Amino acid sequence: MLIFFLFTLLHLEGEKITPYLEAISSLAHKVFYEYPYLYCGENQGYDESLRGYATIEDSIVILALDGEQVVGMASGIPLKAAWEKYVTPLKENGTDIESSFYLGELIVLPNYRGKGLGYKMGKEIESFAKKHNYSQLTLLSIDEALLKVEPPKGYISSACTFRKLGYTKYPTLFTDID
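No experiment lies behind these values; they were computed from the predicted model shown. The residue numbers shown here count from 1 along each chain, following its written sequence. Reporting of local features is limited, given that this is a predicted model, to residues whose pLDDT is at least 70; pairs of side-chain atoms are given and counted only at 80 or more, and all residues count toward the totals for whole chains, interfaces and linings. Derived side-chain values reflect all non-hydrogen atoms in the structure, with water molecules and hydrogen atoms excluded from consideration.

A. Broad picture of the overall build of the chain. The numbering of helices and of strands both runs from the N terminus, where a helix is a DSSP run of H or I of at least 4 residues and a strand a run of E of at least 2. Counting its regular elements, the chain contains 5 helices and 5 strands. Counting from the amino terminus, helix and strand elements in the chain follow one another as β-α-α-β-β-α-β-α-β-α. Radius of gyration here is computed from C-alpha atoms only, and the compact-globule reference equals 2.2 Å multiplied by the residue count raised to the power 0.38. Compactness check: the chain gives a C-alpha radius of gyration of 16 Å against a globular reference of 16 Å for 178 residues, within 12% of the reference. Along the first, second and third principal axes, the C-alpha set of the chain runs to 50 × 40 × 35 Å. For every residue, the accessible area obtained with a 1.4 Å probe (protein chains only) is divided by the maximum for its type, and the residue is called buried under 20%, exposed over 50%, and partly exposed between those limits. Per-residue burial for the chain yields a buried fraction of 39% across its 178 residues. Of all intrachain contacts in the chain linking residues separated by at least 6 positions in sequence, the fraction that spans at least 24 positions is 70%. Values of accessible area rely on a 1.4 Å probe in the Shrake-Rupley scheme; residue burial ignores everything except the protein chains shown. Accessible area of the chain: about 10,900 Å², with a carbon and sulfur share of 53%. Positive charges come from Lys and Arg alone, negative charges from Asp and Glu alone, with His and the N- and C-terminal ends not counted. Throughout, a charge is located at the NZ atom of Lys, the CZ atom of Arg, the CG atom of Asp or the CD atom of Glu. One way to put it: in the chain the 17 positive side-chain charges average out to a point 7 Å from where the 23 negative ones average out. Only heavy atoms matter for contacts: two residues are in contact if any of them lie within 4.5 Å across the pair.

Quick look at the structure:
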């Protein structure tokens, strides 16, 4: 039996993000409470940051929809607009901050992982960054090898998507996100 998955990718730039903030926040909170994030704090800080995306020039959010349901999201902003704790290690390593684009999130609900959705959204972020003359893409990823918790059965790591996208891991570049 063949099962087809049909998704709609919705591109939202700048202020066009605003009407979708609640749906984006809901998706992010579902994903960030699970492995490997295991976030158990307040949502307010993330929601404020997300609202900021709507005011940043060259910001983008790509939503993956299964019908009306938001099942995935990718977001990006110019690296110079990212939190300083993300920018500092790259700046200290000699990264050209002005020409770099930051892939903020690439998240997919567990039941939709492994279907190429993360890869497709990652490619869309890359295309957007190139179109806006950014020559480098950066992102942060949790080093799952350092976690003291085992992944749940059937877990698909985002590292698989990042490898397929051709991204290079720099283990000497890190930051503490607490």
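B. Looking closely at the environment of Val-31. The residue Val-31 is located in helix α1 (residues 21-32) in this model. Taking C-alpha positions, Val-31 is 9.6 Å from Gly-72, a pair spaced 41 residues apart along the chain. Not counting residues up to four positions away in its chain, the partners in contact with Val-31 are Tyr-37, Ile-107, Val-108, Leu-109 and Arg-113.

C. Structural context of α1. Every helix has an expected span of 1.5 Å times one less than the residues it contains. Taking 1.5 Å of rise per residue, 12 residues should cover 16 Å, and α1 covers 16 Å from first to last C-alpha, within 8% of that figure. Restricting attention to buried positions, one finds in α1 the residues Leu-21, Ile-24, Ser-25, Leu-27, Ala-28, His-29, Val-31 and Phe-32.

D. View of the pairing of strand β5 (residues 136-139). When strand β4 (residues 100-108) meets β5, the two strands line up parallel, connected through 4 bridges. Each bridged residue has a counterpart across the sheet, and for Ser-100 the counterpart in β5 is Gln-136. With its strands directed away from the observer, a crossover is right-handed exactly when the path from the first strand over the helix to the second travels clockwise. On the question of chirality, the crossover connecting β4 to the parallel β5 by way of helix α4 (residues 117-131) is right-handed. A pair of strands is labelled paired if DSSP reports no fewer than 2 bridges between them.

E. The arrangement of the pairing of strand β3 (residues 69-78) in detail. Burial of β3 is extensive: 9 of the 10 residues sit out of reach of the surface. Note: strand β2 (residues 60-66) against β3, 7 bridges, orientation antiparallel. Its bridge partner being in β3, Leu-63 is matched across the sheet by Met-73. The turn joining β2 and β3, which pair antiparallel and follow one another in sequence, is formed by 2 residues; a positive phi near 70° is taken by Gly-67. Two elements, β3 and β4, share 7 bridges in a ladder whose sense is antiparallel. The partner of Pro-78 across the bridge, within β4, is Phe-101.

F. Looking closely at the nonpolar core. Formed by 45 residues in total, the largest nonpolar core has its most connected members in Ile-17, Ile-24, Leu-63, Met-73 and Met-121. For this core, the secondary structure elements donating two or more residues are α1, α2 (44-53), β2, β3, α3 (84-92), β4 and α4. Excluding anything up to four places from it in sequence, Met-121 contacts Leu-9, Ile-62, Ala-64, Gly-72, Met-73, Ala-74, Leu-106, Ile-107 and Val-108. Joining through side-chain atoms within 4.5 Å is the link that ties buried Ala, Val, Leu, Ile, Met, Phe, Trp, Tyr and Cys residues into a set, and such a set is a nonpolar core.

G. Broad picture of the pattern of salt bridges. Salt-bridge detection follows one rule: a side-chain nitrogen of Lys or Arg within 4 Å of a carboxyl oxygen of Asp or Glu. For the structure shown, the criterion picks out 4 salt bridges. A salt bridge links Lys-80 to Glu-98; its shortest N-O distance comes to 3.4 Å. Here Lys-80 is found in the loop between β3 and α3, whereas its partner Glu-98 is found in the loop between α3 and β4, with 18 residues between them in sequence. Accessibility expressed as a relative area gives 53% for Glu-98, which makes it exposed. Notably, a salt bridge pairs Lys-123 with Glu-126, separated by 3.3 Å at the nearest N-O pair.

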